[in-house]
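Letter by letter, the chains look like this.
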Number of protein chains: 2
Amino acid sequence: MYAETFNNLIEELKKMPGIGPKSAQRLAFYVLQSSGRDIDRLIEALKAAKERLKHCSVCYNITDVNPCKICADPGRSSEQLCVVGEPKDLIAIERSREYNGKYHVLGGLISPLDGVGPDNLRIRELMRRLRDGKFSEIILAISPTTEGEATSFYLSRLIKPFKLKLTRLAYGLPIGADMDYADEATLSKAFQGRRDI
Amino acid sequence: MYAETFNNLIEELKKMPGIGPKSAQRLAFYVLQSSGRDIDRLIEALKAAKERLKHCSVCYNITDVNPCKICADPGRSSEQLCVVGEPKDLIAIERSREYNGKYHVLGGLISPLDGVGPDNLRIRELMRRLRDGKFSEIILAISPTTEGEATSFYLSRLIKPFKLKLTRLAYGLPIGADMDYADEATLSKAFQGRRDI
């Protein structure tokens, strides 16, 4: 079959998520064909990520400085706290340029099937921030999936006693999408949330 | 946005074939979450592949010894030569355990649209092997795609003067597939190539 060195590379690549045997083989051929400098850069990036990246001790976003740039930014409001599941949700929100407050990254969503309960998320840390901070609004920016709804419900019960303004993102038709492609659940949420124009 | 180290890792991962922004992000999170040892092993595998793997000087398969194990194997017939496009085609054939001769890897197929002509393939090297070797049969094991057919046609014209037995793989229904899913071209090849039972 393949040379052992090549098989070994395929095996290591196959351990990554979403990389099956065929993709691993294609990536391995890419490694062979690309210049030594490209691979050196990839190796450097992997090493640097593993050595330098950690979670911000305040919001738990991924960062190479602590606290992270968002937490340390004096230009951002300390009155609003946006709670998200994963760092990638935070990135999606930052990309929209709609929000200028602080974040709290839970590190996942409640999912009993995957063995993820409230104790596995950074909910205790969130409660500590609510007690110590001077937030006036908490925004739950959590995907409207089964896991997300369970997490929002759980969080809202914990946050209500703080007597802060507690909001969630609007549900409705995604911009740019054809209405006849929208599923029933989205359409019924869009009806329920209809606004005067 | 993301920490620079993280962005940089995503950028390097995105250079790989079939890895878009979403996959690159997912892989980067995997790198963060996996143990340092896993990443070290991946880095080692990348380095080893880049340093040790080369093309066999006889058949142009990928190898870490030269000549490769197949070329050096005295248990394999030196009378048959199987011509394939890429190393992965060779592997597919080896997996079938049907063939016990030698190989020649062209390093691609003729594809004018991609700027790949006969001179970019190891056809001159194949001709040299045919002149110097003692082959009795040449098997073209080349995908029946447009590029593959062009390559087979080109090669057959070059090989015919050697007055060797020249064959190609059979075309027909793939084993295990439902007949009503077969496309017209495959079905008509299957009819043309029907056999007595």
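So, a few notes on the structure that sits alongside this text. Just so we're clear, the structure is a prediction, and the values are computed from it rather than from any experiment.

**Description of the relation of the copies chain A and chain B**
Both copies of the chain are related by one operation, a rotation about an axis with a shift along it. Rotating chain A by 180° about the axis while translating it 0.0 Å along that axis superimposes it on chain B, leaving an RMSD of 0.1 Å. As the rotation angle and translation indicate, the two copies are arranged about a two-fold axis. Residue A:Ile43, judged by its C-alpha, is the member of chain A lying nearest the rotation axis, at 3.0 Å. Of all interface residues in chain A, 100% are interface residues in chain B too; the two copies therefore contact each other through one and the same surface.

**Quick notes on a positive patch on the surface**
On the surface, a cluster of positive charge is contributed by A:Lys22, A:Arg26, B:Lys88 and B:Arg95. Of all the secondary structure elements, the ones that give two or more residues to the positive patch are helix 2 (21-33) of chain A together with helix 5 (87-96) of chain B. Within the fold, B:Lys88 resides in helix 5. For B:Lys88, a relative accessible area of 39% gives the class partly exposed.

**A closer look at the sheet that holds strand 5 (residues 137-140) of chain A**
In a beta sheet, neighbouring strands are held together by backbone hydrogen bonds and run either parallel or antiparallel to one another. Residue and element names in this part refer to chain A. Read across the open sheet, the four strands follow the order 4-3-5-6; overall the sheet is parallel. The open sheet has two edge strands with one neighbour each: strand 4 (102-105) and strand 6 (165-168). Strand-to-strand twist across the sheet, computed as the mean angle between neighbouring axes with direction ignored, equals 25°. Summarising the sheet, strand 3 (residues 80-84) and strand 5 pair through four bridges and their orientation is parallel. When the bridges of strand 5 are listed, Cys-82 appears paired with Ile-139. Across the face of the sheet, helix 5 (residues 87-96) comes into contact with strand 3 and strand 4 while running at roughly 155° to strand 4. Across the sheet, helix 6 (residues 123-132) is in contact with strand 3, strand 4 and strand 5; its angle to strand 4 comes to roughly 150°.

**Observations concerning the pattern of salt bridges**
Applying the stated criterion across every chain, the model contains ten salt bridges over all chains. With a shortest N-O distance of 3.3 Å, A:Lys14 and A:Glu11 are connected by a salt bridge. Of this pair, A:Lys14 and A:Glu11 both sit in helix 1 (residues 4-14), three residues apart, roughly one helical turn. Across the salt bridge formed by B:Glu12 and A:Arg41, the nearest N and O atoms sit 3.6 Å from each other. A residue pair is termed interchain when its members come from two chains, as with B:Glu12 in helix 1 (residues 4-14) and A:Arg41 in helix 3 (residues 36-52). Owing to a relative accessible area of 35%, A:Arg41 belongs among the partly exposed residues under this scheme. If you follow the salt bridges from partner to partner, you end up with A:Glu12, A:Lys15, B:Asp38 and B:Arg41 in one network.

**Thoughts on the packing of helix 1 of chain A against helix 3 (residues 36-52) of chain B**
Their axes nearest at 9 Å, the elements helix 1 of chain A and helix 3 of chain B cross at an angle of 150°. As for how helix 1 of chain A packs across helix 3 of chain B, the hand of that crossing is left-handed. Note on element contacts: helix 3 of chain B touches helix 1 of chain A through B:Asp38, B:Arg41, B:Leu42, B:Ala45, B:Leu46, B:Ala48, B:Ala49 and B:Arg52, opposite A:Thr5, A:Asn8, A:Leu9, A:Glu12 and A:Leu13. Classifying every residue of the contact of helix 1 of chain A with helix 3 of chain B gives seven nonpolar, two polar and four charged.

About the thresholds
- For every chain, the first residue of the written sequence is number 1, and numbering continues from 1 along that sequence.
- Numbering of ligands from 1 and lettering of chains from A proceed in the order in which they are written.
- Confidence filtering applies because this is a predicted model: local features only for residues at pLDDT of at least 70, side-chain atom pairs given and counted only at 80 or more, and all residues used for totals across whole chains, interfaces and linings.
- Heavy atoms from the whole structure form the basis of all side-chain values; hydrogens and water molecules are not counted.
- Copies are brought into register by a least-squares superposition over C-alpha atoms of residues with pLDDT of at least 70 in both.
- The contact criterion used is simple: two residues touch if any of their non-hydrogen atoms lie within 4.5 Å.
- Only residues above 30% relative accessible area that lack a salt bridge enter a patch, with like-charged residues linked at up to 9 Å and the nonpolar side chains Val, Leu, Ile, Met, Phe, Trp and Tyr linked at up to 5 Å.
- Only the protein chains shown count as covering a residue, and every accessible area follows the Shrake-Rupley method with a 1.4 Å probe.
- Any carboxyl oxygen of Asp or Glu that lies within 4 Å of a side-chain nitrogen of Lys or Arg is treated as forming a salt bridge with it.
- His is not counted, nor are the chain ends, whereas Lys and Arg count as positive and Asp and Glu as negative.
- A single reference atom marks each charge: NZ on Lys, CZ on Arg, CG on Asp, CD on Glu.
- A run of H or I in DSSP becomes a helix once it reaches four residues, and a run of E becomes a strand once it reaches two; helices and strands are each numbered from the N terminus.
- Burial classification: accessible surface area is computed with a 1.4 Å probe over protein chains only, and a residue below 20% of its type maximum counts as buried, one above 50% as exposed, and the rest as partly exposed.
- Any two strands with at least two DSSP bridges between them are considered paired.
- Lines are fitted to the C-alpha atoms to define the axes, a helix being fitted only along its stretch in contact, and any angle between axes, read from their N-to-C directions, falls within 0 to 180 degrees.
- Here a crossing is taken to be left-handed if its near helix is turned anticlockwise relative to the far helix by less than a right angle, and right-handed if that turn runs clockwise.
- The nonpolar class holds Ala, Val, Leu, Ile, Met, Phe, Trp, Tyr, Cys and Pro. Asp, Glu, Lys and Arg form the charged class, and all remaining residues, Gly among them, are polar.

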